[in-house]
Each structure stands twice: as structure tokens, then as C-alpha cells.
Amino acid sequence: ALSDHVHDTFAAARIALRSRGRAAAFAAIAAAMLAFFIYVPVRLIPGNDLLFQLRIFSWEDYALLTTLSLLNALLMMMEYHAYHMRKDVSRGVRLGALTASGSGGLSAAFASILGTASCSTCIAGFLGFLGTGGVMFVLDNRTYFVVGATLVVLLSIVHASRSIQRGCASCRIERPLTSRG
């Protein structure tokens, strides 16, 4: 049920961020992601500078960038916590599990970058390898990309929270004793 997923997600987030150090790491990662999302157009657009970029972003852009930064930071901290929950501590198994969970995190981060397609010049510079037609397609459908990016990140968070709360046989995460049934 949806309520179980929501409960598991909030409970797993509390577990993943329960220490002061992890909460600080979450804040630092969120700030770094936000800075990265702002830096990309500053770097990719010739003649652009930070102050100009900050002026042309709308409040909706700031809300979107902040939301995606917080969600990505939460996903990274949940994956970090799940990585440390692995019951088999052999280096090869942990490395494989880290690679599997890391690829989900990277795809979520890339989806977030696509989701920031609110500035046509910014996205043209970032996705120039797609060619003019590809960039125009992304710009024409930017709302769908924003929704899709947010859904990818949210689904990644739900999957990570399920592993933290209920365990995962393929990830070799034992079911926590305090978890709900």
C-alpha cells in the first residue's frame, strides 16, 4: 500500500540521518548539489557569470533545484546507510553492491540535471552532444523531463528505504530487528 511506502521512506530517512555527522553530510551534499546545478550553466554558457545566472533564475527554478538537491542528498545518504548494513563484508560483495546502488544514484543525479532544463541556453550547452533536434525536443518537453527526473529520484529513494526497513536478499542486507512487518 502507498501508506506503507510513505511510512518506510520517512522511517528509513530518520534512520539514515540519525547521527549528527550524517545530518551534516546530508546538508553538505545538498548544498554541493545545488551549487553544481547552478554552476553548470555558469560554466557552459560563454559570457555567463554567477551573478547574472542567479538573477535570471526564477523562484520556480530555485524551488526545483533545491528540491532535486535535497532529494539527491537524501538518496545518497540512504544508499550510504544501506551500504553499511550489508551482512557480507567481503570486499568484492560490498564493491558490487556499491556499484549497483551507485548506478541508481548516478542515474537519479543525471535525471535531476535533465530536470533543470528550465533555461534553454543552459540545457543547450549541457546537452549539445544530442544535436539541435535533441535539444529542441528536451526543451519542448521540459515539463515531462522535470516530472520524470523527480519520479526517478523518488523511486530510487523508495527502493533504498525498502532495503533499509525490510532488508534485501539480493543486496545482502539483513532485515533489521526493529523493522515493521
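Just so it is clear, the model here is predicted, and its values are computed rather than measured.

**Topic: the packing of helix α1 (residues 2-16) against helix α4 (residues 59-84)**
Phase 1 of the analysis: Running from amino to carboxyl end, α1 crosses α4 at an angle of 75°, the nearest separation of the two axes being 9 Å. The pairing of α1 with α4 is recorded here as roughly perpendicular in orientation. Judged by residue contacts, T9, A12, A13, I15 and A16 of α1 engage L74, M77, M78 and H81 from α4.
Phase 2 of the analysis: The residue makeup of the contact of α1 with α4, split by class, is seven nonpolar, two polar and no charged.

**What about the packing of aromatic side chains?**
Given two aromatic rings, their pairing is described by the distance between the two centres and the angle made by the two planes.
Phase 1 of the analysis: Scanning all chains against the criterion turns up three aromatic pairs.
Phase 2 of the analysis: Aromatic pair F36 and F37: ring centres 6.1 Å apart, planes at 55°, arrangement tilted.
Phase 3 of the analysis: Measuring from centroid to centroid gives 5.6 Å for F57 and Y62, while their planes differ by 75°, and the two rings are edge-to-face.
Phase 4 of the analysis: Among the residues examined, Y62 registers a relative accessible area of 21% and is labelled partly exposed.

**A closer look at the confidence of the model for the protein chain**
Phase 1 of the analysis: Scored by pLDDT, the protein chain comes out at a mean of 75, with 67% of its residues at no less than 70.
Phase 2 of the analysis: For the protein chain, the element scoring lowest by mean pLDDT is helix α5 (residues 91-115), at 56; helix α2 (residues 20-44) scores highest, at 88.

**Digging into the side chain of N72**
Phase 1 of the analysis: Position of N72 relative to the elements: it lies in helix α4.
Phase 2 of the analysis: Polar side-chain contacts of N72 include one of 2.9 Å to the backbone oxygen of L68.

What counts, and at which threshold
Residue indices follow the written sequence of each chain, beginning from 1 at its first position. A pLDDT threshold of at least 70 governs which residues receive local features in this predicted model, and a stricter bar of 80 or more applies before side-chain atom pairs are shown or counted, although totals over entire chains, interfaces and linings include all residues. In computing side-chain properties, one takes all heavy atoms of the structure into account and sets aside hydrogens as well as water. Between N-to-C directions, angles cover 0 to 180 degrees, with each direction set by a line fitted to C-alpha atoms, over the stretch in contact for helices. Per the convention used, a helix needs a DSSP run of H or I reaching at least four residues, while a strand needs a run of E reaching at least two, with both numbered from the N terminus. An angle below 35 degrees is treated as roughly parallel, one above 145 as roughly antiparallel, one from 65 to 115 as roughly perpendicular, and anything else as oblique. Residue contacts are defined here by distance: any two heavy atoms, one from each residue, within 4.5 Å place the two residues in contact. We call Asp, Glu, Lys and Arg charged. Ala, Val, Leu, Ile, Met, Phe, Trp, Tyr, Cys and Pro are nonpolar, and the rest, Gly among them, are polar. Any Phe, Tyr or Trp ring, taking Trp's six-membered ring, that has another such ring centre within 6.5 Å forms a pair; planes under 30 degrees apart are called stacked, those over 60 apart edge-to-face, and the others tilted. Burial here depends on accessible area, computed with a 1.4 Å probe over protein chains only, as a share of the maximum for the residue type. Under 20% is buried, over 50% is exposed, and the range in between is partly exposed. You can read pLDDT as the predictor saying how much it trusts each residue, on a scale of 0 to 100. N or O atoms within 3.5 Å of each other form a polar contact, as long as, within protein, one can give a hydrogen and the other can take it, and as long as residues adjacent in sequence are counted only when both atoms are side-chain atoms.

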